[in-house]
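Structure at a glance
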Amino acid sequence: MRVTLERSNLLKSLNHVHRVVERRNTIPILSNVLLKAEGATLDMKATDLDLEITEATPAMVEQAGSTTVPAHLLYDIVRKLSDGSEVLLATDPDGATMTVASGRSKFSLQCLPESDFPDLTAGAFTHTFRLPSTQLKMLIDRTQFAISTEETRYYLNGIFVHTIENEGALKLRAVATDGHRLARADVDAPSGSEGMPGIIIPRKTVGELQKLVDNPDVSVTVEVSDAKIRFTIGSVVMTSKLIDGTFPDYQRVIPTGNDKELTVDCHSFAQAVDRVSTISSERGRAVKLAIAEGQLTLTVNNPDSGSATEELAVGYDRDPLEIGFNAKYLLDITNQLSGTDAVFMLADPGSPTLVRDTAGDDALYVLMPMRV
């Protein structure tokens, strides 16, 4: 194999694929990236056996061929080469090493044969649809903060994506919960998604996807089966296994009878919560909301360090109410809201609270209260 390409193109593609590779691997081949030169492109592929990313990069191919080299090492080398330079990748005749040359710099990397590299892409996909990257990004951004990190409840370690009839229209819905809070977001269901199985996309896949959908002009092709999902975003193809488990019936925890409506300015509220929570204990992080007509008082008491209070003018005209929440969870939710105001629908101090955005996008949040 002998191929020359622009450093910037090589770095961009390596940046996408090398992140999949775990730093510590018991299987040596999983530390490597597969490089395949043919036609006028260099194809790269990396996998951790659950997630696989491939990307094609334009290149001048003098001699077609393929090999695998350490992914993080190659990325670090290319990152440190001068901007605007060209990079030559060439394997020696016996395929044991690959030379990386640019300007006066020259590196020799150990190779492992392509035949050892695992393939994740076997199997047919039952549903295929396209949606704008802005919609996919919205679904992820609005829900991913609520993904559980508790490994014992593995079926909560991802985003549940499914289609559902809502107010007479078919929606593509994303839901995530960790048992303390729940986030739900909808977009209009794209053509081809009808009847797709409900799937749970793993946390790591969600994180990588979030980095790939940063271009608002791109359309994403999504292919789904019971066990796998594949995203095609421009020249990047990402295939992932799905979480094999049953997502709980989240509809049951979304309250319907919350009739006490509190409207707060999102920015002022987030700043006030952030300020008073400075004094809270790392373990507790509880903030008390005392709500009366037209006024909200935020209080934090920490027996070890003191107390803090702050008052805000709000829209509220029902009976006074005191309720406690985890300050971090409040901030996580307010960070997702795109409107100027947040609307809290409350019932009583012991019941889940509903949070909506005034911007009118189809997102909804449920927050469990804390004892304070």
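Residues numbered from 1 in each chain as written. Predicted model: local features only at pLDDT ≥ 70, side-chain atom pairs only at ≥ 80, totals over all residues. Heavy atoms only, no water.

**Thoughts on the pattern of salt bridges**
Pairing between side chains becomes possible if they bear opposite charge and their charged atoms approach one another. Using the following cut-off: Should a side-chain nitrogen of Lys or Arg be within 4 Å of a carboxyl oxygen of Asp or Glu, the pair is scored as a salt bridge. Counting from the N terminus, the helices are the DSSP runs of H or I reaching at least four residues and the strands are the DSSP runs of E reaching at least two. With a 1.4 Å probe rolled over the protein chains alone, any residue whose accessible area is under 20% of its type maximum counts as buried; one over 50% counts as exposed, and the rest are partly exposed.
The full count for this structure, using the stated rule, is 23 salt bridges. Where lysine 45 meets aspartate 119, a salt bridge forms, and the shortest distance between an N and an O atom there is 3.5 Å. Taken as a pair, lysine 45 in strand β3 (residues 41-47) and aspartate 119 in the loop between β9 (105-110) and β10 (127-132) lie far apart in primary sequence, 74 residues in all. Under the relative-accessibility criterion, aspartate 119 is labelled exposed at 53%. Where aspartate 332 meets arginine 181, a salt bridge forms, and the shortest distance between an N and an O atom there is 2.8 Å. Of this pair, aspartate 332 sits in helix α6 (residues 327-336) while arginine 181 sits in strand β13 (residues 181-188), and the two are 151 residues apart along the sequence. The pair aspartate 332 / arginine 181 is uniform in exposure class, with both members buried. By sharing partners, the salt bridges in this structure join Asp178, Arg181, Lys328 and Asp332 into a single network.

**Some points on empty space enclosed by the protein**
Selection rule: Cavities and pockets are found on a 1 Å grid laid over the protein atoms alone: a cavity is a set of points where a 1.4 Å probe fits but cannot escape, a pocket is an open set with protein on both sides within 12 Å along at least five of seven lines, and a lining residue has an atom within 4 Å of such a point. Grid points are joined across faces, edges and corners, and a volume is the space filled by probe spheres set on the points. Classes in brief: Ala, Val, Leu, Ile, Met, Phe, Trp, Tyr, Cys and Pro nonpolar; Asp, Glu, Lys and Arg charged; the others, Gly included, polar.
Inspection of every chain in the model, using the stated rule, returns one cavity of 30 Å³ or more. Surrounding the largest cavity, 18 residues form its lining, Leu136, Leu139, Val161, Ile201 and Phe231 being those nearest its centre. Breaking the lining of the largest cavity down by element, the ones donating at least two residues are β10, α3 (133-143), β11 (158-166), β12 (169-177), β14 (199-202), α4 (203-212), β15 (219-224) and β16 (228-233). Here the residues of the lining of the largest cavity sort into 18 nonpolar, no polar and no charged.

**Thoughts on α3**
Of all 11 residues in α3, eight are buried; the element is thus mostly enclosed. For α3, the full list of buried residues reads Ser133, Leu136, Met138, Leu139, Ile140, Asp141, Arg142 and Thr143.

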